[in-house]
Amino acid sequence: PIVTITTPSFDEYKLPSKGSQEISSNATDSSGISEMKIYFDSKVIKTCSRGSSCKTNLSSQFIKSLISGTHTIVVTSTDNSIKKNIGTKSRTVVK
């Protein structure tokens, strides 16, 4: 699968000091998409089944609880083929 992170749209994105932050992604594959997962610093924060898009929001409380520095968003997508191929895209964000 080919995975795209649409929001935030670039690396080294600075998370807002107030309010929430949306994370959204899309995936494509000729066999279709069976599942997508959004990770923040290696922890699954959202799982989406049977669709080519997945999104979630980081709450202002969650953002405030983060230590200052660089964090990683990773989105994985599993296709519908027998082999269950996995596509991955990552993006860094800064607090």
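Below or above, wherever it landed, is the structure these notes cover. If you're wondering where the values come from, they're calculated on a predicted model, not measured in any experiment.

Procedures and definitions
Residues numbered from 1 in each chain as written. Predicted model: local features only at pLDDT ≥ 70, side-chain atom pairs only at ≥ 80, totals over all residues. Heavy atoms only, no water. Helix = DSSP H or I, 4+ residues; strand = E, 2+ residues; numbered from the N terminus. Polar contact = N/O pair within 3.5 Å; in protein donor to acceptor, adjacent residues only side chain to side chain. Contact = heavy atoms within 4.5 Å. Pairing = 2+ DSSP bridges. Core = buried A, V, L, I, M, F, W, Y, C linked by side-chain atoms within 4.5 Å. Buried < 20%, exposed > 50% of the residue type's maximum accessible area, 1.4 Å probe, protein only.

Re the side chain of Gln 21
Position of Gln 21 relative to the elements: it lies in strand β3 (residues 21–28). A polar contact is formed between the side chain of Gln 21 and the side chain of Tyr 13, at a distance of 2.9 Å. Non-local contacts of Gln 21, meaning those with residues more than four positions away in its chain, are made with Thr 7, Tyr 13, Leu 15, Pro 16, Thr 56, Asn 57, Leu 58 and Ile 63.

Quick notes on the sheet that holds strand β2 (residues 13–14)
Across a sheet, paired strands are connected by hydrogen bonds in the backbone, their directions being either parallel or antiparallel. A sheet is described by the order of its strands in space; here 5 strands give the open sequence β2-β8-β7-β4-β5, paired in mixed fashion. Unpaired on one side and paired on the other, β2 and β5 (43–49) mark the two borders of the sheet. Sheet topology note: the strand β4 (residues 33–40)/β5 ladder contains 6 bridges and is antiparallel. Bridge pairing in β5 places Ile 38 opposite Lys 46.

Points about the nonpolar core
Counting 17 residues, the largest nonpolar core has Phe 40 and Ile 73 as the members making the most contacts within it. Counting residues per element, the ones that place at least two in this core are β1 (2–7), β3, β4, β6 (53–58) and β7 (70–79). Sort the elements by how many residues they give to this core and β4 lands first, with 4 residues. In contact with Phe 40, not counting residues within four places along its chain, are Ile 23, Ile 45, Leu 58, Phe 62, Leu 66, His 71, Thr 72, Ile 73 and Val 93.

Concerning the pairing of β3
On a regular strand, one side chain projects to one face of the sheet and the next to the other, so that they alternate. The pairing of β1 with β3 spans 5 bridges and is antiparallel. Note that in β3 the partner of Ile 5 across the bridge is Ser 25. Bridge analysis of β3 against β6 gives 6 bridges, and the strand direction is antiparallel. The residue bridging Gln 21 from the neighbouring strand is Leu 58, located in β6.

Looking at unusual backbone geometry
Between Thr 7 and the following residue, Pro 8, the backbone shows a cis peptide bond with an omega angle of -5°. Tracing the chain through its elements places Pro 8 in the loop between β1 and β2. Positive phi is not limited to glycine here, since Arg 50 has a value of about 55°. With respect to the secondary-structure elements, Arg 50 resides in the loop between β5 and β6. With phi around 55°, Lys 84 is a residue other than glycine that occupies positive phi space. Tracing the chain through its elements places Lys 84 in the loop between β7 and β8 (86–94).

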